[in-house]
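Observations on the three-dimensional arrangement
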Amino acid sequence: MPGVAILGSTGSIGRSTLRVLEELPDLHVRSLAANGDWKTMLEQVLRWKPAKAVLADPAAAKELASRAPAGVEIGSGAEAVRGLASEEGAEIVVAAITGAAGLPSTAAAVSAGKRVCLANKEAMVMAGPILTAGAVETGATILPIDSEHSAILQSMRSGNPDEVRRVILTASGGPFRDWSAEQLEQAAPEEALKHPTWNMGAKITIDSATLMNKALEIIEARWLFGLDVAKIEVVVHPQSIVHSMVEFQDASTVAQLGYPDMCIPIRYALTFPRRAPTAWGFLDLAKSHRLDFMPPDTGRFPALSLGFDAARRGGTAGAALNGANEAAVALFLEKKIRFTRIARLAGGALAEHPFVASPSLEDLYRTDGWAREWVRRNAENG
Ligand code: MG
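Below: a short report on this structure. (Residues numbered from 1 in each chain as written. Predicted model: local features only at pLDDT ≥ 70, side-chain atom pairs only at ≥ 80, totals over all residues. Heavy atoms only, no water.)

1. Quick look at the pairing of strand S6 (residues 115-118)
Relative to S6, strand S5 (residues 92-95) runs parallel, the two sharing four bridges. Among the inter-strand pairings, valine 93 is bridged to a residue of S6, identified as valine 116. For the crossover that starts at S5, traverses helix H5 (residues 103-111) and ends in the parallel S6, the hand is right-handed. For S6 and strand S7 (residues 141-144), the ladder comprises four bridges, and the chain directions are parallel. Pairing of arginine 115 across the sheet is with threonine 141, part of S7. Crossover handedness for the path S6 to helix H6 (residues 121-138) to S7: right-handed. (Pairing = 2+ DSSP bridges. Helix = DSSP H or I, 4+ residues; strand = E, 2+ residues; numbered from the N terminus. Right-handed = clockwise from strand over helix to strand, strands pointing away.)

So, in structure tokens, the structure goes:
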């Protein structure tokens, strides 16, 4: 029975993954890792009885260790998290740590030749060429747990790669889709955290409000599917039912539809290329669903252009954009900068960073640190 390691088990994707695993008796939970939420981890350990559970935060790991049942090995620290990604008992690694912090374990899972179910899109944004080349070398399979990229993967399977004319990423438009430029200047974190269709973690929800999430997804799609950036397009689709589309050269457009529920792409990544039965979540279009589509407004949402720019440039551009964005989002959540400065700061760091065309992982970590520092420094002046 294949074992599953869930890195980021206490977060939104991790919890949904466990919900999906309730319906997949052919897989077992081998190990769980999270940052510091030892209470949720304890509940998960008691329910799933993994061989190992790791918390990156040593103090939290201690709390967990004093309460965990016998037979569950408790680990602590970032190194132990990375160890789970390459461990022999786990054939499947669900990479669900948010942000650049997930890159070391995601890279380790690829190096170990795992089936990598990738929710950690930032790893692909930062290190796409390294991860995809690494997967070819080790036999790792990278399967997206991102609704758009899961939709693209599913749609791609109805044609050949050289027959693809365009890939159309859908974007909900986020909570500020209809806000004016003036209103956006005043947008508060509480408002940005109210996503109209998806229920997700804080970082990705802010990214959805700035459309930086879509910018990162452009880069993610570019590397995951080896796409020419000119073939990637973004369309706003407020209902989040059509998760993305692939247009083929014969004028057929193939789409994947479903309710905005991450369990669907998670299930597909875990069972690919098979489709496992489920008892819930079936789309009922007879219930007066409207499907609207419109072009994105890159004037109000400049992050989108940054995504195309970084995807075109490759090299360290993705790491610079991502690191800067993560730092800027944190400052916005702390109410230290305005909403509209997130994209401006990210764009500034992207433009000014010392570009390296063929970076190593170390170069990418250095770029990430540089971009964060640049944002913190420049956030203070204006
Ligand atoms: Mg997505």
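2. Quick notes on a nonpolar patch on the surface
A grouping of Leu257, Leu285, Leu291 and Phe293 is seen on the molecular surface, where their side chains present a nonpolar patch of about 310 Å² in accessible area. Considering the arrangement of structural elements, one finds leucine 285 in the loop between helix H12 (263-271) and helix H13 (303-313). For leucine 285, a relative accessible area of 42% translates into the label partly exposed. (Patch = residues over 30% accessible without salt bridge, like charges linked within 9 Å, V, L, I, M, F, W, Y side chains within 5 Å. Areas by Shrake-Rupley, 256 points an atom, 1.4 Å probe, with all protein chains shown as cover. Salt bridge = Lys/Arg side-chain N within 4 Å of Asp/Glu carboxyl O. Buried < 20%, exposed > 50% of the residue type's maximum accessible area, 1.4 Å probe, protein only.)

3. Re the sheet that holds strand S9 (residues 232-236)
Strand order in the open sheet formed by four strands is S9-S8-S10-S11, and the pairing between neighbours is mixed. At either margin of the open sheet sits one strand with a lone partner, and together these are S9 and strand S11 (253-257). Averaged over all adjacent pairs, the angle separating strand axes in this sheet is 20°, with direction ignored. Of the strands in this sheet, strand S8 (164-171), strand S10 (242-248) and S11 are in contact with helix H7 (residues 147-156), which crosses S10 at around 35°. (Axes fitted to C-alpha atoms, helices over the stretch in contact; angles between N-to-C directions. Contact = heavy atoms within 4.5 Å.)

4. Some details on the coordination of the magnesium ion
Listed as protein donors to the magnesium ion are Asp146 (OD), Glu148 (OE) and Glu217 (OE); their distances from the metal cover 2.0 Å. Spacing between the donor residues of the magnesium ion along the chain follows D-x1-E-x68-E. Linking aspartate 146 in the loop between S7 and H7 with glutamate 217 in helix H11 (residues 212-224), this pair joins segments that are 71 residues apart in sequence. Side by side, aspartate 146 and glutamate 217 carry an identical accessibility label, which is buried. (Donors = N, O, S within 2.8 Å, 3.2 Å for Na, K, Ca; no water.)

5. A closer look at the layout of surface pockets
The calculated volume of the largest pocket comes to roughly 1,100 Å³. As for the largest pocket, its lining consists of 49 residues, of which Ile13, Ala96, Ile97, Thr98 and Glu122 are closest to the centre. Only helix H1 (12-21), helix H4 (78-86), H5, H6, H7, S8, helix H10 (202-210) and H11 provide two or more residues apiece to the lining of the largest pocket. In terms of residue class, the lining of the largest pocket is built from 19 nonpolar, 20 polar and ten charged. The residue makeup of the lining of the largest pocket includes at least three contributed by each of domain 1 (3-144) and domain 2 (149-260 + 280-314). In terms of lining, the second largest pocket is formed by 18 residues, of which the most central are Ile264, Arg267, Arg275, Thr278 and Phe282. When residues of the lining of the second largest pocket are assigned to their parent elements, the largest contribution, four residues, is made by H12. Looking at the lining of the second largest pocket residue by residue, the class counts come to nine nonpolar, six polar and three charged. (1 Å grid on protein atoms, 1.4 Å probe; cavity = no way out; pocket = protein on both sides within 12 Å on 5 of 7 lines; lining within 4 Å. Points joined across faces, edges and corners; volume = space filled by probe spheres on them. Nonpolar A, V, L, I, M, F, W, Y, C, P; charged D, E, K, R; others polar. Domains from an automatic or database assignment.)

6. Considerations on H10
The buried count for H10 comes to seven of nine residues, which makes it a mostly enclosed element. All buried positions along H10 are accounted for by Lys203, Thr205, Ile206, Asp207, Ser208, Ala209 and Thr210. On its buried face, H10 is in contact with H6, helix H9 (189-192), H11, H13, helix H14 (317-333) and helix H15 (339-352). Downstream of H10 by one or two residues, leucine 211 has phi in the positive range, about 70°.

7. A word on the packing of H13 against H14
Relative to each other, H13 and H14 sit at 150°, their axes nearing to 8 Å. Counting all contacts with H13, which are made through Leu306, Gly307, Ala310 and Arg313, the residues of H14 involved are Ala317, Gly318 and Leu321. Among the residues forming the contact of H13 with H14, the class breakdown is four nonpolar, two polar and one charged.

8. So, the packing of aromatic side chains
Tallied over the entire structure, the rule returns five aromatic pairs. With a centroid separation of 5.0 Å and an interplanar angle of 90°, the aromatic rings of phenylalanine 176 and phenylalanine 339 are classed as edge-to-face. Of this pair, phenylalanine 176 sits in the loop between S8 and helix H8 (181-185) while phenylalanine 339 sits in helix H15; the two residues are 163 residues apart in sequence, bridging distant segments of the chain. On the accessibility criterion, phenylalanine 176 (1% relative accessible area) is buried. For phenylalanine 339, a relative accessible area of 4% puts it in the buried group. Where tyrosine 268 meets phenylalanine 272, the ring centres are 5.6 Å apart and the plane angle is 85°; that geometry is what we call edge-to-face. On the basis of relative accessibility, which here comes to 6%, the residue tyrosine 268 falls in the buried class. (Phe/Tyr/Trp six-rings, centres within 6.5 Å; stacked < 30°, edge-to-face > 60°.)

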